Amino acid sequence: MRASALVRGVIDLLLTLVFAVVLVTGIGLYIAPSGRIAESIGWTFMGMDKDTLTDVHTYFGFVMAGLVSIHLAIGLKSMWVMLKSAFRGSRLKVAASFIVPLLLIAAGYQAFSAYTVEEEHITTSYEEYTDSGVYITGTMMKYYTVEQLAQEFNVPTSGLLEKLREKGIDAGPDDTLAEIEYKYGLEREEFKAMLEEIITELRGEDG
């Protein structure tokens, strides 16, 4: 497909702008806490909450796919000529230009797979964890403060706070569990198990 220099320039400019948006929203989504935590603490990135980031990232991702398709269609002949020229020059460099991106994609997939397996392992471990009779629901983890949790299970708030400090978590009675989870980078299921264990201990001491 033949295209004027103006058309090529406009396509390149649009691709650059769209890439910048996708990159920024991608970074925001990468560092964002889980959806439940982000919602409960009102987390934002550059003025956008997680749902907005996801929508913008998805929309501009499709726009980028369309622009890349047009860019390839316009420059397909030129690309083919350059590739043939490169093969006649240094086949090793051409092979490396294909192999390196494939290795990076494979490494990224492996990292994602490992993370997913670890999350499943944590969830399974938690489900098998305890028959203590103490069970903290997802709603409690999302909205309850430390004091409300203590009142729910009829244990002293001061005792719960002291046990948390022993585990390196310095919290106040009005701090929400979601805020504590986010502040200390805790895994949701592990934090729930920790709280259930502490409450069980406090009940035993009261008994």
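These remarks concern the structure in this document. Source: prediction; values computed, not measured.

What follows concerns unusual backbone geometry. Residue methionine 46 is not a glycine yet carries a positive backbone phi of 55 degrees. As for its placement among the helices and strands, methionine 46 is situated in the loop between helix 2 (35–41) and helix 3 (50–89). Residue methionine 46 is classed as exposed on the basis of its relative accessible area, which comes to 63%. Of note, asparagine 154 is a non-glycine position whose phi angle comes to about 55 degrees, a positive value. Within the secondary structure, asparagine 154 is located in the loop between helix 6 (146–152) and helix 7 (157–166).

Looking now at the nonpolar core. Core analysis: the largest hydrophobic core is formed by 22 residues, its most contacted members being Ile136, Leu149, Leu160, Leu164, Phe191 and Leu195. Among the elements of the structure, helix 5 (138–143), helix 6, helix 7, helix 8 (177–183) and helix 9 (188–206) are those that each provide at least two residues to this core. Considering every element that reaches this core, the biggest residue donor is helix 9, with six residues. One finds Ile11, Val18, Val22 and Met64 within the second-largest nonpolar core, a separate group that totals seven residues.

On the surface, a cluster of nonpolar side chains totalling about 480 Å² of accessible area is made up of Leu6, Val10, Leu13, Leu14 and Leu17. Looking at the secondary structure, you find leucine 6 in helix 1 (residues 5–31). Judged by relative accessible area, which is 65%, leucine 6 ranks as exposed.

The next subject is helix 1. With 27 residues, helix 1 extends 39 Å between its outermost C-alpha atoms, agreeing within 8% with the 39 Å of an ideal straight helix rising 1.5 Å per residue. Every buried residue belonging to helix 1 is among Ile11, Leu15, Val18, Val22, Thr25 and Gly28, and all of these are buried.

What counts and what doesn't
Residues numbered from 1 in each chain as written. Predicted model: local features only at pLDDT ≥ 70, side-chain atom pairs only at ≥ 80, totals over all residues. Heavy atoms only, no water. Helix = DSSP H or I, 4+ residues; strand = E, 2+ residues; numbered from the N terminus. Buried < 20%, exposed > 50% of the residue type's maximum accessible area, 1.4 Å probe, protein only. Core = buried A, V, L, I, M, F, W, Y, C linked by side-chain atoms within 4.5 Å. Patch = residues over 30% accessible without salt bridge, like charges linked within 9 Å, V, L, I, M, F, W, Y side chains within 5 Å. Areas by Shrake-Rupley, 256 points an atom, 1.4 Å probe, with all protein chains shown as cover. Salt bridge = Lys/Arg side-chain N within 4 Å of Asp/Glu carboxyl O. Expected span 1.5 Å × (residues − 1).

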